[in-house]
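Structure at a glance
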Amino acid sequence: MGKTHERIEGRLRAFIEAQHIFFTATAPLDADGTVNLSPKGVSGSFAVIDETTVAYLDFAGSNAETIAHLRENGRITLMWCAFQGPPNIVRVHGRGEPVFRDDPRFDELLTHFPGVDTAPHGLRAVILVRAELIRDTCGFAVPYLSYDEDRTLHADRFRREDDESLSAYFAQKQDIATSIDGLPGLPLPLPPMTPRPVTPEPVPPAR
């Protein structure tokens, strides 16, 4: 049976922070618009800011659907599921916003991700989500899957770019400055980002 939680704390927070992947779902207001569902990886790129606020790093990609939908209406659902250990699914329904590089909050938000070197991944924004409904369910039908390691392909691809060339890359893509449905997406050109020190975090062993 599902259970509703008022806060992200205790075992719920521990479960979320232990997962190597989560999923985001957004949609435009237009009833005929494109619903978007995305997997999010890169160890250390998700953080619990407080008991009702979470955030994750939005890296370079070939579209910007989540950003576009959040700019239009803010609705977002995050989901985690257990691929090892006791079965569990956690969903956080809430309101999100993309915090871009030139936002005064950007640098402070990055302090919540000390173990991630953002430079090689082409960081575009921090997605900030304020939870309105927090629920977990059984997850009995989720299969067992094992975690081996993070892929290096994303960092290997985008570490070749600087701010200028990354902006040029985004400008060439059809669905970044605007979404698939024509909504405003990632503002271009990208503002420069100040380099920051990184404290590597150990990757948890596979369960």
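With that settled, consider helix α2 (residues 65–72). When you tally the buried positions in α2, you get six out of eight residues, the bulk of the element. Residues of α2 that are buried: Glu65, Thr66, Ile67, Ala68, His69 and Leu70. Backbone geometry just after α2 places glycine 74 at a positive phi near 80°.

The subject of this paragraph is the pattern of salt bridges. Summed over all chains, the structure comprises 13 salt bridges. Note that arginine 11 is salt-bridged to aspartate 136, the shortest N-O span being 3.2 Å. Of the two residues, arginine 11 is situated in helix α1 (residues 10–18) and aspartate 136 in strand β8 (residues 125–137); the sequence distance between them amounts to 125 residues. Look at aspartate 136 and you get buried, because its relative accessible area is 7%. Here arginine 105 and glutamate 97 are joined by a salt bridge, their closest N and O atoms 3.0 Å apart.

Turning our eyes to something else, we now look at unusual backbone geometry. Between leucine 188 and the following residue, proline 189, the backbone shows a cis peptide bond with an omega angle of 0°. Summarising the element assignment, proline 189 is placed in the segment after α5 (163–172). If you check the backbone angles, valine 42 has positive phi at about 65° while not being a glycine. Mapped onto the elements, valine 42 comes out in the loop between β3 (36–40) and β4 (46–50).

The rules behind these values
- Residues numbered from 1 in each chain as written.
- Predicted model: local features only at pLDDT ≥ 70, side-chain atom pairs only at ≥ 80, totals over all residues.
- Heavy atoms only, no water.
- Buried < 20%, exposed > 50% of the residue type's maximum accessible area, 1.4 Å probe, protein only.
- Helix = DSSP H or I, 4+ residues; strand = E, 2+ residues; numbered from the N terminus.
- Salt bridge = Lys/Arg side-chain N within 4 Å of Asp/Glu carboxyl O.

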